[in-house]
Amino acid sequence: MKSFPRLYVPATLANLGSGFDALGVALDLYLEVEAEPAREDTFLYQGEGQVGGKDNLIHQGYRAGMRALGLHPEPLLIRAFNPIPLARGMGSSSAALVAGVALANQYSGGKLGREGVFQVAASLEGHPDNVAPAVYGGFVAALADPPLAIPLPRPQGVYFVLAIPPYEVPTPLARAALPEKVPLKDAVFNLARSALWPAALYSGRLEALREACRDRLHQPHRAHLMPGMLEAIEAALEAGALAAFVGGAGPTVAALSREDELEEVAKALEGYRGEGRTLILGIGEGYFWKET
């Protein structure tokens, strides 16, 4: 095996409000990975938080990808630079798993293909709404079983304002906050609005996203984990955002905005962000390779 160019895998936002476990989008912020053969698995990490050990998610994804091909996963030295905040609802775990499976695909000469990378990574991660945009880029609708992902149109001239609080919300904790059953009227409420996402993107009627992003299935039940989150979403919409929602399991609140609305929307989210940070990012590409 030989070393390959640098791999870039985007951060992602899942759910988009109403599309719980079904809709996601890639962000223009990328995990960067380099790999080369080694005597034993080695992991060198720089970036957000502290990550280490031979059982990191990138190595896990690589091994799973090689096993899916019936190949032995030869040891790798992996260097990772990660600017994606950890446990903030921006798909850092999905990016790492997709990176590993993409390495397996590259080392095998492309035997998995992009579709195979999605299927292996989705089976590992369990949440295709994060994995699919990391693989395909832009907005994506996705299923876990059967694994299926369909890219959606990418509107021009829009950006995400991300209000990232200083605290983490671990995904298991956020999942535990969800009820096992929901009222039929709430399920219907979300079904109707999640269907508006692809309709609005295909038709270019982005004003419909204001209603499409509304949710009753997960955000209200997790509000106690993210103080002020529901109010922040409404404040962003009142400031002119096209859509606003919690990224994945949170606590990041994301507001899709046109360029001339970015400043006002960012101001509206300052109180929620607190001592955290604000990022303004475009819509990202699916994973890609670049010569360094």
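Residues numbered from 1 in each chain as written. Predicted model: local features only at pLDDT ≥ 70, side-chain atom pairs only at ≥ 80, totals over all residues. Heavy atoms only, no water.

Participant: Would you mind showing me how to read the sheet that holds strand β9 (residues 253-258) here?
Facilitator: Reading across the sheet, the 4 strands line up as β8-β9-β7-β10 and stay open at both edges, with antiparallel pairing between neighbours. Both edges of this open sheet fall to β8 (243-246) and β10 (277-281), since each of them pairs with a single strand only. Taking the axes of each pair of neighbouring strands and ignoring which way they run, one obtains an average angle of 20° across the sheet. Pairing of β8 with β9 involves 4 bridges; the strand directions are antiparallel. (Pairing = 2+ DSSP bridges. Helix = DSSP H or I, 4+ residues; strand = E, 2+ residues; numbered from the N terminus. Axes fitted to C-alpha atoms, helices over the stretch in contact; angles between N-to-C directions.)

Participant: Is there a simple way to think about the nonpolar core in this case?
Facilitator: Across soluble globular proteins, nonpolar side chains have a tendency to be buried as a group. One finds I58, L103, F139, F160 and W197 to be the most contacted residues of the largest nonpolar core, which totals 89 residues. Per-element accounting of this core gives the leading share, 9 residues, to helix α2 (residues 92-107). If we ignore the near neighbours within four places in the chain, the residues touching I58 are L31, V33, F43, I78, A80, A96, A99, G100 and L103. (Core = buried A, V, L, I, M, F, W, Y, C linked by side-chain atoms within 4.5 Å. Buried < 20%, exposed > 50% of the residue type's maximum accessible area, 1.4 Å probe, protein only. Contact = heavy atoms within 4.5 Å.)

Participant: Would you explain the environment of H218 in this entry?
Facilitator: On the secondary structure map, H218 appears in the loop between α7 (209-212) and α8 (219-222). With residues up to four places along the chain from it excluded, the contact list for H218 reads N15, G17, F20 and L178. A distance of 2.8 Å separates a polar side-chain atom of H218 from the backbone oxygen of G17. (Polar contact = N/O pair within 3.5 Å; in protein donor to acceptor, adjacent residues only side chain to side chain.)

Participant: It is not clear to me how the UniProt feature "binding site: ATP" (unreviewed entry) in the protein chain should be interpreted in this structure. Could you clarify?
Facilitator: In the numbering used here, UniProt assigns the "binding site: ATP" (unreviewed entry) feature to P85, L86, A87, R88, G89, M90, G91, S92, S93, S94 and A95. Lining residues of the largest pocket drawn from the annotated list: L86, A87, R88, G89, M90, G91, S92, S93 and S94. Given the relative accessible area of 16%, G89 is considered buried. Beyond its immediate chain neighbours, meaning those up to four positions away, G89 contacts T12, L13, G247, G248, A249 and G250. Inspection of the secondary structure puts A95 in helix α2. (UniProt positions renumbered as here; feature names shortened; annotations may be inferred. 1 Å grid on protein atoms, 1.4 Å probe; cavity = no way out; pocket = protein on both sides within 12 Å on 5 of 7 lines; lining within 4 Å.)

Participant: What is the right way to look at the pairing of β9 in this model?
Facilitator: Put simply, side chains in a regular strand alternate between the two faces of the sheet. By the criterion of burial, β9 is predominantly enclosed, with 5 of the 6 residues buried. Where strand β7 (residues 158-164) meets β9, 6 bridges bridge the pair, whose relative direction is antiparallel. Its bridge partner lying in β9, Y159 is registered against S257.

Participant: Whenever I open this one, the packing of α2 against helix α3 (residues 113-125) confuses me. Can you help?
Facilitator: Describing two packed helices takes the angle between their axes plus the distance from one axis to the other. Remark: α2 packs on α3, axes separated minimally by 9 Å, with the N-to-C direction vectors making an angle of 135°. Overall, the two elements α2 and α3 adopt an arrangement that is oblique. Classified by chirality, the crossing of α3 by α2 is right-handed. Along the contact surface, α2 presents S93, S94, L97, V98, V101, A102 and N105, while α3 presents G113, V117, V120, A121, L124 and E125. (Parallel < 35°, antiparallel > 145°, perpendicular 65-115°, else oblique. Left-handed = near helix turned anticlockwise from the far one by under 90°.)

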